[in-house]
Amino acid sequence: MTDFNETDWAKADFSNEFAENADDFVLERRRLLQIMKSFYGHFLAGKMNRVLDLGCGDGVLTAELLGTDGSIDATLVDGSDEMLKKAKERLKAYGRARFVKTGFQELLKKDPLDENFDFIVSSLAVHHLDRSEKGRLFRYIHDHLSVGGCFMNIDVVLSPTARLEEWYLLLWKEWIAERQETLKTGKGFADITERHRNKDNRPDTLEFQLDSLRSAGFKDVDCFYKYGVFSVFGGRKG
Ligand SMILES: C[S@@+](CC[C@H](N)C(=O)[O-])C[C@H]1O[C@@H](n2cnc3c(N)ncnc32)[C@H](O)[C@@H]1O
């Protein structure tokens, strides 16, 4: 079993670096967020507004959702004090946000969340779990959704073959190189694919994760978007 406290995410410097630079190196981050908002607006908004953001980081996902629907009742979970501090700061204008500090491993063991949600969303966090933990987390998510509620995961996935992985990583580098002139931070990130091989990254294939979602009981399971190793996928509790 993995342990959040053993990962680089438990170090403030590491999480700060991500939060400050993510717009520059997360491939098409703005589009990924747009897809999430469209999904929420189309399937859930107006009827089902209890949102759980797993591995919330600095709260970027929830802030985007709140920008489109201020009635959202949000719960944000992360293992990092530093990230939760940033998320609280970002969301201080919204009264109805609850922050829970816990690693996913603890969440699976002790389940401090005593309620159900309508939209469970996660971005770039689930790939830190190993294969069996991902399966358990998907079942946990299904258990914590109301009927008709949905799960969306924005995440990096493992390619089905090494040849494809090589090209997908090249696509990522090309995307960064094309935007060199406009990068927010001025950092190059030419080494992004080496960084991606970080010991805390444990991506699994999309196929495995879609199958795990179906096994957990999800309906309408699909990959909603994919660009190289970045994908958006999920399903609905029927
Ligand atoms: C790459 S960041 C993504 C943050 C945010 N969701 C975003 O898209 O900008 C990964 C986040 O997941 C959290 N995280 C990583 N492993 C975790 C675990 N095992 N349990 C809880 N949180 C975890 C980190 O602290 C970090 O905030």
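Residues numbered from 1 in each chain as written. Predicted model: local features only at pLDDT ≥ 70, side-chain atom pairs only at ≥ 80, totals over all residues.

This next bit is on the overall build of the protein chain. Looking only at helices and strands, one finds 9 helices and 7 strands in the protein chain. Relative to its length of 238 residues, the protein chain is compact, with a C-alpha radius of gyration of 17 Å against a globular reference of 18 Å. Projected onto its principal axes, the C-alpha coordinates of the protein chain cover approximately 45 × 40 × 35 Å. The buried share of the protein chain, taken over its 238 residues, is 35%. Sequence separation of 24 or more characterises 70% of the internal contacts of the protein chain that already satisfy a separation of 6 or more. (Helix = DSSP H or I, 4+ residues; strand = E, 2+ residues; numbered from the N terminus. Rg over C-alpha atoms; globule rule 2.2 N^0.38 Å. Buried ≥ 20, exposed ≤ 12 C-beta atoms within 10 Å, placed from the backbone. Contact = placed C-beta atoms within 7 Å.)

The next thing to look at is the site of the ligand. Around the ligand sit 22 residues, and of these Gly 55, Gly 57, Gly 79, Ser 123 and Ala 125 come closest. Only helix H1 (12-25), helix H3 (60-68) and helix H5 (104-110) provide two or more residues apiece to the shell around the ligand. In terms of residues, the shell around the ligand owes the most to one element, H1, which gives 3 residues. Counted by class, the shell around the ligand contains 11 nonpolar, 10 polar and 1 charged residues. (Near = placed C-beta within 6 Å. Nonpolar A, V, L, I, M, F, W, Y, C, P; charged D, E, K, R; others polar.)

Turning next to helix H6 (residues 131-143). Relative to the 18 Å expected for 13 residues at 1.5 Å per residue, H6 spans 19 Å between its end C-alpha atoms, a close match to the ideal helical length. Of the residues making up H6, those classed as buried are Lys 134, Arg 136, Leu 137, Phe 138 and Ile 141. Looking at the buried positions of H6, the neighbouring elements they touch are H5, strand E4 (117-123), strand E5 (145-156) and helix H9 (206-216). (Expected span 1.5 Å × (residues − 1).)

With that settled, consider the packing of helix H2 (residues 29-43) against H3. For the pair H2 and H3, the least separation of the axes is 10 Å and the interaxial angle reads 50°. Considering the angle they form, H2 stands oblique to H3. Of the two possible hands of crossing, H2 and H3 adopt the one that is right-handed. Taking contact as the criterion, the partners of Leu 33, Met 36, Lys 37, Tyr 40 and Gly 41 in H2 are, on H3, Leu 61, Glu 64, Leu 65 and Thr 68. Split by residue class, the contact of H2 with H3 holds 5 nonpolar, 2 polar and 2 charged. (Axes fitted to C-alpha atoms, helices over the stretch in contact; angles between N-to-C directions. Parallel < 35°, antiparallel > 145°, perpendicular 65-115°, else oblique. Left-handed = near helix turned anticlockwise from the far one by under 90°.)

A few words now on H9. Turning to H9, its buried residues number three or more, namely Gln 209, Ser 212, Leu 213 and Ala 216. Angular distribution of buried residues about the axis of H9 spans 100°; they occupy a single face of the element. Tucked inside the fold, the buried residues of H9 contact H6, strand E6 (218-227) and strand E7 (230-237). Gly 217 sits one or two residues past H9 and shows a positive phi near 110°. (Arc of directions from axis to C-beta.)

You can see Asp 114 is positioned in the loop between H5 and E4. In this structure, the C-alpha to C-alpha distance between Asp 114 and Leu 84, residues 30 residues apart in sequence, is 20 Å.

The subject of this paragraph is the sheet that holds strand E3 (residues 97-101). Spatial strand order, E3-E2-E1-E4-E5-E7-E6: 7 strands in an open sheet with mixed pairing. Looking at strand neighbours, the two that pair on one side only are E3 and E6, the edges of this open sheet. Each neighbouring strand pair of the sheet contributes to a mean axis angle of 15°, computed without reference to strand direction. In this sheet, E7 lies alongside E5 in antiparallel orientation, the contact comprising 7 bridges. When the sheet's bridge partners are listed, Val 156 is paired in E7 with Phe 230. In the packing of H2 onto the sheet, contacts are made with E4, E5, E6 and E7, and the angle to E5 comes to roughly 170°. In the packing of H9 onto the sheet, the strands contacted are E6 and E7, and the crossing angle to E6 comes to about 160°. (Pairing = 2+ DSSP bridges.)

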